[in-house]
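Residues per chain, in single letters:
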Amino acid sequence: MSQQNWSVPEQDVRERIRGLLADEDGNGVLATVVGVRGSAYRRPGARMVITQDDSFGNVTAGCLEDEVRQLAADVVAAGEPRVETYDLMEDDDDIWGLGVGCNGVIDILLEPLTGVERPLFPDDDCLASLVLLDGDGPRFATGQYDFESGFAGDLPSWVERGAEADVRALVEAGKSQTVSVAADGKEADVFVETLVPSPKLVVLGTGPDVGPVVELAKNVDFEVTVIGFRGVNAQAERFPRADEVFSTSPAQLADAHDFDDSTYVVTMTHNFVDDRLSLDALLDTDVPYIGLLGPRKRFEEMQEAFADEGRTFSQAELDRIQTPVGLDLGSGTPYGIAHSIVAELLAVHNDREPAHLEGREGPIHPRVIAGND
């Protein structure tokens, strides 16, 4: 019986894939959602990796994982990719013996990892990975794309010309999807997987309340760095889920870490002076979001202290500061507060206004290119 690691962060799935790619004897299979029509738990780009001994990740809410694991052995034996389509719209126990009724049709690409020739991870250049799934042209031909160099790989030139506008739109939206391509009198369906790096979170502070924030943020795929201003507490063993833990001073903060426009910062030092110095340093960087733990009155006092020194805040700077940090979830427990903070981070990162899904019009997941979902 293989071990099933269904609920694991995407970063763990990536690491498992990297390990199998580096293993000459590895016989893993990568399963990727490449198309969804109707509703589904996961969207295109969702992955799981299957070996003889275990599986990591998920492509549905558990409806199809056993079926995909069974097919993985056939894919390894054949040594070539395949696409399986599952119609879960029927509420009939005879279909999969589950009566799942998920109200969607899901296409899943299964690839033997030993034969994967397309990029699977983001890097400085490649922005999207492509697979020709069906139509005119060599099936399962692969390619990659970036804005500067354009396409590379084995895709026919007419596919590249026909797909470029859709690929650029998907890359800019950070979404993956199968698109229908037509050019030179030919047609094909191409899966475009946008390779998006994990969002980065920096937590300032090393108190006991930092641990739950780190844990929850890692579970939803943030790359987490903990920075302390008291070296004795900035120890990796205190925050085992963090990617990096170190100590510096508030004045040296911007020099000690790369704060770019894809980095979010939450300040939890519980020290008024440290928070004030850190805030001043962070506003000179490109970070789009700075969450300050503490009551609104505390930030007002901070502004007064800044004003006494002749420092005022522009509206653009104030728009980057969120205080009190977190959503109003009504909980005062450490994990409740951490959920509040991480939920707000997800909303900001995904450009969402927090609200009940019941009141949302249209699909839960936005459709990027009309007619292909």
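The structure we're discussing is the one just above.
Residues numbered from 1 in each chain as written. Predicted model: local features only at pLDDT ≥ 70, side-chain atom pairs only at ≥ 80, totals over all residues. Heavy atoms only, no water.

Describing the nonpolar core
Then, number 1: In terms of nonpolar packing, the biggest core is built from 23 residues, with L201, V213 and L345 touching the most fellow members.
Then, number 2: With five residues, helix α5 (residues 210-219) is the largest single contributor of residues to this core.
Then, number 3: Other than its neighbours up to four places away in sequence, V213 contacts L201, V203, M268, A338, I341 and V342. (Core = buried A, V, L, I, M, F, W, Y, C linked by side-chain atoms within 4.5 Å. Buried < 20%, exposed > 50% of the residue type's maximum accessible area, 1.4 Å probe, protein only. Helix = DSSP H or I, 4+ residues; strand = E, 2+ residues; numbered from the N terminus. Contact = heavy atoms within 4.5 Å.)

As for helix α10 (residues 334-349)
Helical periodicity: at 3.6 residues per turn, an α-helix aligns residues three or four positions apart in one direction.
Then, number 1: Relative to the 22 Å expected for 16 residues at 1.5 Å per residue, α10 spans 22 Å between its end C-alpha atoms, a close match to the ideal helical length.
Then, number 2: Regarding α10, the residues found buried are G336, A338, S340, I341, V342, E344, L345 and A347.
Then, number 3: On its buried face, α10 is in contact with β12 (200-204), α5, β15 (263-267), β16 (289-292) and β17 (321-322).
Then, number 4: Once α10 ends, the next one or two residues include D351, with phi positive near 55°. (Expected span 1.5 Å × (residues − 1).)

Quick look at the pattern of salt bridges
Then, number 1: Within this structure, the stated rule accounts for 16 salt bridges.
Then, number 2: R47 serves as the salt-bridge partner of E193, at 2.7 Å between the closest nitrogen and oxygen. Taken as a pair, E193 in strand β11 (residues 186-194) and R47 in strand β3 (residues 47-50) lie far apart in primary sequence, 146 residues in all. Each member of the pair, E193 together with R47, is buried.
Then, number 3: Through salt bridges with shared partners, a single network forms among R47, E111, R118 and E193. (Salt bridge = Lys/Arg side-chain N within 4 Å of Asp/Glu carboxyl O.)

Notes on the sheet that holds β3
Then, number 1: Spatially, the six strands line up as an open sheet ordered β1-β4-β3-β2-β6-β5, and their pairing is mixed. With partners counted over all chains shown, the strands left at the sheet margins are β1 (3-5) and β5 (82-87), one partner each. Averaged over all neighbouring strand pairs, the angle between strand axes comes to 20°, with direction disregarded.
Then, number 2: Here nine bridges tie strand β2 (residues 29-38) to strand β6 (residues 104-112), and the two strands are oriented antiparallel to one another. Bridging across to β6, R37 finds its partner in V105. (Pairing = 2+ DSSP bridges. Axes fitted to C-alpha atoms, helices over the stretch in contact; angles between N-to-C directions.)

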